[in-house]
Amino acid sequence: MRLRMRLKRKIRIVVVSATVVLFLSLWFIIRLRHCDECDEQLASVNFTETECITGTPCTYANQVALRVIVITSNRSRSLARLLESLDVVELDGDSGSLEIFVDCDERGLVDPETVKTAYAFHWRRGLVGVHLQTSHAGVNGQWIDAWRPATNDTREIVLILEDGLGVSRYFYRWIKAVHGRYGDEPDFAGTALTIGRDRLPNSPGIEPVYMYRGVGTWGFSPKASVWRGFQDWFHAHSQRSNFRPHVPEAVAKASDNSADSGTTWDQWFDYYASKEKMFVVYSNLKDYNDNRSSCFGTKYRVSGLNVPNDDPVTYCKLIERWDDRYVSFPEYITRFDLDGNRIGKY
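Residues numbered from 1 in each chain as written. Predicted model: local features only at pLDDT ≥ 70, side-chain atom pairs only at ≥ 80, totals over all residues. Heavy atoms only, no water.

Just give me the short version of the packing of aromatic side chains, but keep the residues and values in it.
Enumeration over the complete set of coordinates arrives at 28 aromatic pairs. Centroid distance Tyr 210 to Tyr 282: 5.9 Å. Interplanar angle 20 degrees. Geometry classified as stacked. You can see Tyr 210 sitting in strand β7 (residues 209–212) and its partner Tyr 282 sitting in strand β9 (residues 279–283), a full 72 residues away along the chain. Centroid distance Trp 227 to Trp 265: 6.0 Å. Interplanar angle 80 degrees. Geometry classified as edge-to-face. With Trp 227 in helix α7 (residues 224–237) and Trp 265 in helix α9 (residues 265–276), this pair connects stretches of sequence that are 38 residues apart. The same class applies to Trp 227 as to Trp 265, namely buried. (Phe/Tyr/Trp six-rings, centres within 6.5 Å; stacked < 30°, edge-to-face > 60°. Helix = DSSP H or I, 4+ residues; strand = E, 2+ residues; numbered from the N terminus. Buried < 20%, exposed > 50% of the residue type's maximum accessible area, 1.4 Å probe, protein only.)

Structure (structure tokens):
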């Protein structure tokens, strides 16, 4: 009798253990929703060595001339289109690294097709890092924590891109020149490829660049010291439930965001830039080229919060030929406030 009871007890233990192992295995597979081909792809991709932690600004082990950060979640076709445009970028002999951040949903699940697309990409210009968020980071977390400059004076240039964008093969040549010309200016916060829409009631004239107080989300390249300061400030102030980064004069830009005022990362940055009296440099190619469709970065209409279905229409046409006049910067650059009105020097 006792022998039978011990035998039943052992059987129950084995069954329970097997059930637990099976459950954990299924949970792990479902959570990652990993593609079958990823193991082969992982063996052939030249990966970076940095592991980034969700919720913590990521500092990279290597330093390169250009680090491109792509943030995505569940739009594999948009991601593939952006990666295709990045594959032909001109680095002019400089080193590069590409980091792809894939966010998960609130259940902790990542999109398998997006993960597959990220792992399958072989960048001809440098190393690739694929970072799967371990918890839902959201747009703010993806943007703000994807790059922590090693120092305030690092020479590394970063460009942060969302997956619905496309870039000109000459974007790096331009943003490198912008950082070289304006990087030491105290009111320089960074540069953006495209402003998004015509927010300026007054024309910048025919100069190739101008400064605007608002940050552009269609490809942003922040100044390292400014980005470090913004990260520290954001993480400190975002914990205060009674604080809202509201900028009263941001009338023109507010219409670009469907979210409530003070909730998106760019609204936080606009507040910070306004407080610190800083500006973002934009190209003025539409006026400078007398061509309303010229740009270094464009946005495709892809399905999301405001667009139900993918639409191939883009905001502008990417520059296909380089002209040295694009970096013939003026001695004095025109500045515009968030309301779109021209301002003088501080």
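Requested: an account of the nonpolar core, with residues and values cited.
Here is a general trend for soluble globular proteins: nonpolar side chains tend to be buried in one another's company. Core analysis: the largest hydrophobic core is formed by 48 residues, its most contacted members being Leu 86, Leu 98, Phe 171 and Phe 296. When residues in this core are grouped by element, the largest group, six residues, is from helix α6 (residues 171–182). In contact with Leu 98, other than residues within four places in its own chain, are Val 68, Val 70, Leu 83, Leu 86, Phe 121, Trp 123, Leu 127, Val 128 and Gly 129. Counting 36 residues, the second largest nonpolar core, distinct from the first, contains Ala 189, Ile 195, Val 226 and Val 247. (Core = buried A, V, L, I, M, F, W, Y, C linked by side-chain atoms within 4.5 Å. Contact = heavy atoms within 4.5 Å.)

Let's hear about the pattern of salt bridges: which residues, and what values?
Within this structure, the stated rule accounts for 14 salt bridges. One salt bridge connects Arg 213 with Asp 337, and the closest N-O pair in it is separated by 3.2 Å. Separated by 124 residues along the polypeptide, Arg 213 in the loop between β7 and β8 (220–222) and Asp 337 in the loop between β14 (335–336) and β15 (342–343) bring together distant segments of the chain. Under the relative-accessibility criterion, Arg 213 is labelled buried at 2%. When its relative accessible area of 15% is taken as the criterion, Asp 337 is described as buried. (Salt bridge = Lys/Arg side-chain N within 4 Å of Asp/Glu carboxyl O.)

Requested: an account of the layout of surface pockets, with residues and values cited.
Here the second largest pocket defines a volume of roughly 390 Å³. Residue lining of the second largest pocket: 22 residues in total, with Thr 154, Arg 155, Ile 157, His 179 and Gly 183 positioned closest to the centre. Counting only elements with at least two residues in the lining of the second largest pocket, the list comes to β4 (157–162), α6, β8 and α7. Residues belonging to the lining of the second largest pocket are distributed by class as follows: eight nonpolar, seven polar and seven charged. (1 Å grid on protein atoms, 1.4 Å probe; cavity = no way out; pocket = protein on both sides within 12 Å on 5 of 7 lines; lining within 4 Å. Points joined across faces, edges and corners; volume = space filled by probe spheres on them. Nonpolar A, V, L, I, M, F, W, Y, C, P; charged D, E, K, R; others polar.)

Could you give an account of unusual backbone geometry, naming the residues involved and the relevant values?
Of note, Asp 92 is a non-glycine position whose phi angle comes to about 55 degrees, a positive value. The residue Lys 277 is not glycine, and still its phi comes out positive at about 60 degrees. If you trace the backbone, Lys 277 turns up in the loop between α9 and β9. Taking the relative accessible area as the measure of exposure, Lys 277 reaches 46% and is therefore partly exposed.

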